[in-house]
Amino acid sequence: MNVATRLLGRKPNSCSCWLKCSYSFQSITNGLTKDSNQAINKAVYDAEKIVGFPTSFLSLRALLSNELSAVALHLRKLVRTNHPLIKTARGMLFDSKHNVQVRGLVVLLLSKAIADKDGGIEASEIYSRQRSLAELTELIHTAFLIHRGLVDVETLLKVDSKNSRGELELGNKMAVLSGDFLLANACVALSELKNSKVVDLMSSSISDMSHGFFVLPESGEFSHITSLEDLPMSLTQWRDIMYLAHGSLLSNACRASVELAGKSVEYGNTASEFGKHLILAQLANFDLQRVNNGNGNNGQNHNFLSEICMLPVVLAAEQNNGQKWMEQFLENEGNEYKLCKDKLLTSVKQNTKAMEDADQTRKCHRNLALQSLSELPLCEERTSLELLTNAFAGS
């Protein structure tokens, strides 16, 4: 009997249920406009043709394991609860066409862009190791997003008395077990690359993400914040915390890909800077569209960061004395604050300077990402990365 069975108390007999519910992690394109989604879909489709295979199931082997199938069988027990794990699964099922694992795709494109074009055995071996790197990058990303499915049981019990403490605690167990299992698989795959520099880079990403996600609050229907002190209240703080939570993984994965190719001297810094600025530009674009659409969290996925951390909100706070300005959108509930989302979004949307500064920040990071790509050899992989950058960051 495996560890999942011992923890959850039921013997697994199928892995199909987990496949159906495996999309409980953040869709990159949720909340964007129809035109943006079409541009992203086309850029991804063209990029996958260059890579040679679809990248949407890079982590499929881990998701179909017996360990996770045991967890999946219990997911149905959470259907009538407000647990975020089931909400993220439901959101991804309704919007599965946008389930794009773009981090692995970027790593593979970058790998091909810097590879020797002579078709020799050495280039083939490097590409095989870089594909493993792309897979474990997606595993790490997925593991952390599943871990974001943890919830304060007491809060949900107060909100809805119909919730069962046992079911909510079971949901937390499933989120912890599933995320830890994927993270362990990623660490095993990382060790098999037999490269200490790559291990150091990816380990740093795990540490950065742990720090970033610990500080940032969740979004969702019931968003509670215990303190304003650790939240970003300036552009510099926003960049720092978003890099830790989101940018570090892709930045270090790109640099690790170059390291595996033995070209860190030529392209190490270039690859790292590209990954960093691509993610920051994407987040800035996403935040702008969330404010413009007036929906903050679009209701499809619980794993969006709280509206209080969106770039236009942070810039508006920076213009208006930070925490003092932010307090007007918070309702004090004992030791916690509840965010008045509609009031906040309306105020920020009317702040023309904050919106313009956010758009300039988006353009700045997009241009820096494109500038980094200009240092790579001119090839179709580089062109594809440029198209992806413009699609995700907005042209």
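Given the structure is predicted, the values throughout are model-derived calculations rather than measurements.

Caption draft 1: Focus on the nonpolar core. Grouped together as the largest cluster of nonpolar side chains are 95 residues, with contacts concentrated most on Leu 133, Ile 140, Met 202, Trp 238, Trp 325 and Met 326. Ranked by residues supplied to this core, first place goes to helix H12 (residues 235–260) with 13 residues. Apart from residues no more than four positions distant in its own chain, Trp 325 is found in contact with Val 313, Ala 316, Ala 317, Asn 320, Leu 344, Ser 347 and Val 348.

Caption draft 2: Molecular detail of the packing of helix H13 (residues 264–293) against helix H17 (residues 352–373). With their axes 8 Å apart at the nearest point, H13 and H17 run at an angle of 155° to one another. One element, H13, and the other, H17, form an angle in the roughly antiparallel class. Along this stretch, H13 crosses H17, giving a crossing that reads as left-handed. In this structure, H13 uses Thr 270, Glu 273, Phe 274, His 277, Leu 278, Leu 280, Ala 281, Ala 284, Asn 285, Leu 288, Val 291 and Asn 292 to contact H17, whose residues at the interface are Met 355, Ala 358, Asp 359, Arg 362, His 365, Arg 366, Leu 368, Ala 369, Ser 372 and Leu 373. Counted by class, the contact of H13 with H17 contains twelve nonpolar, six polar and four charged residues.

Caption draft 3: Quick peek at the packing of helix H7 (residues 102–114) against helix H18 (residues 380–393). Two numbers describe how H7 lies on H18: the axes approach to 8 Å, and their chain directions differ by 150°. The angle between H7 and H18 places the two elements in the roughly antiparallel class. H18 is crossed by H7, and the crossing has left-handed handedness. Across from Val 102, Leu 105, Val 106, Leu 109, Leu 110, Lys 112 and Ala 113 in H7, the residues of H18 making contact are Glu 381, Arg 382, Ser 384, Leu 385, Leu 388 and Phe 392. Of the residues in the contact of H7 with H18, the class split is nine nonpolar, one polar and three charged.

Caption draft 4: Inspection of the packing of aromatic side chains at higher detail. Taken as a whole and judged by the stated rule, the model has two aromatic pairs. Aromatic side chains Trp 325 and Phe 329 sit 4.9 Å apart centroid to centroid with 70° between the ring planes, which places their arrangement in the edge-to-face category. Accessibility expressed as a relative area gives 11% for Trp 325, which makes it buried. On the basis of relative accessibility, which here comes to 1%, the residue Phe 329 falls in the buried class. In this arrangement the basic side chain of Lys 276 is found over the ring face of Tyr 243, its NZ or CZ atom lying 5.9 Å from the centre.

Caption draft 5: Looking closely at helix H16 (residues 341–349). Considered for burial, the residues of H16 that qualify are Lys 341, Leu 344, Leu 345 and Val 348. All buried residues of H16 project into a common sector of 95° when viewed along the axis, lining one side.

Caption draft 6: Representation of unusual backbone geometry within the structure. One non-glycine residue, Lys 194, lies in the positive phi region at around 55°. Note that Lys 194 resides in the loop between helix H10 (165–191) and helix H11 (196–215). Look at Lys 194 and you get exposed, because its relative accessible area is 72%. Phi at Asn 321 takes a positive value of approximately 65°, unusual for a residue other than glycine. Along the chain, the position of Asn 321 falls in the loop between helix H14 (311–319) and helix H15 (323–326). Under the relative-accessibility criterion, Asn 321 is labelled exposed at 67%.

Caption draft 7: Representation of the pattern of salt bridges in the model. Inspection of the entire model under this criterion finds nine salt bridges. The shortest N-O distance in the salt bridge between Glu 135 and Arg 131 comes to 3.8 Å. Here the residue Glu 135 and the residue Arg 131 both occupy positions in helix H8 (residues 121–147), the gap between them amounting to four residues, near one helical turn. Owing to a relative accessible area of 35%, Arg 131 belongs among the partly exposed residues under this scheme. Measuring nitrogen to oxygen at the nearest pair gives 3.9 Å for the salt bridge that ties Lys 341 to Glu 307. Here the residue Lys 341 occupies a position in helix H16, and Glu 307 occupies one in the loop between H13 and H14, the gap between them amounting to 34 residues. Using a relative accessible area of 17% as the deciding quantity, one classes Lys 341 as buried. On the basis of relative accessible area, Glu 307 is assigned to the buried category, the value being 1%.

The rules we used
Residues numbered from 1 in each chain as written. Predicted model: local features only at pLDDT ≥ 70, side-chain atom pairs only at ≥ 80, totals over all residues. Heavy atoms only, no water. Core = buried A, V, L, I, M, F, W, Y, C linked by side-chain atoms within 4.5 Å. Buried < 20%, exposed > 50% of the residue type's maximum accessible area, 1.4 Å probe, protein only. Helix = DSSP H or I, 4+ residues; strand = E, 2+ residues; numbered from the N terminus. Contact = heavy atoms within 4.5 Å. Axes fitted to C-alpha atoms, helices over the stretch in contact; angles between N-to-C directions. Parallel < 35°, antiparallel > 145°, perpendicular 65-115°, else oblique. Left-handed = near helix turned anticlockwise from the far one by under 90°. Nonpolar A, V, L, I, M, F, W, Y, C, P; charged D, E, K, R; others polar. Phe/Tyr/Trp six-rings, centres within 6.5 Å; stacked < 30°, edge-to-face > 60°. Lys NZ or Arg CZ within 6 Å of the ring centre and 35° of its normal. Arc of directions from axis to C-beta. Salt bridge = Lys/Arg side-chain N within 4 Å of Asp/Glu carboxyl O.

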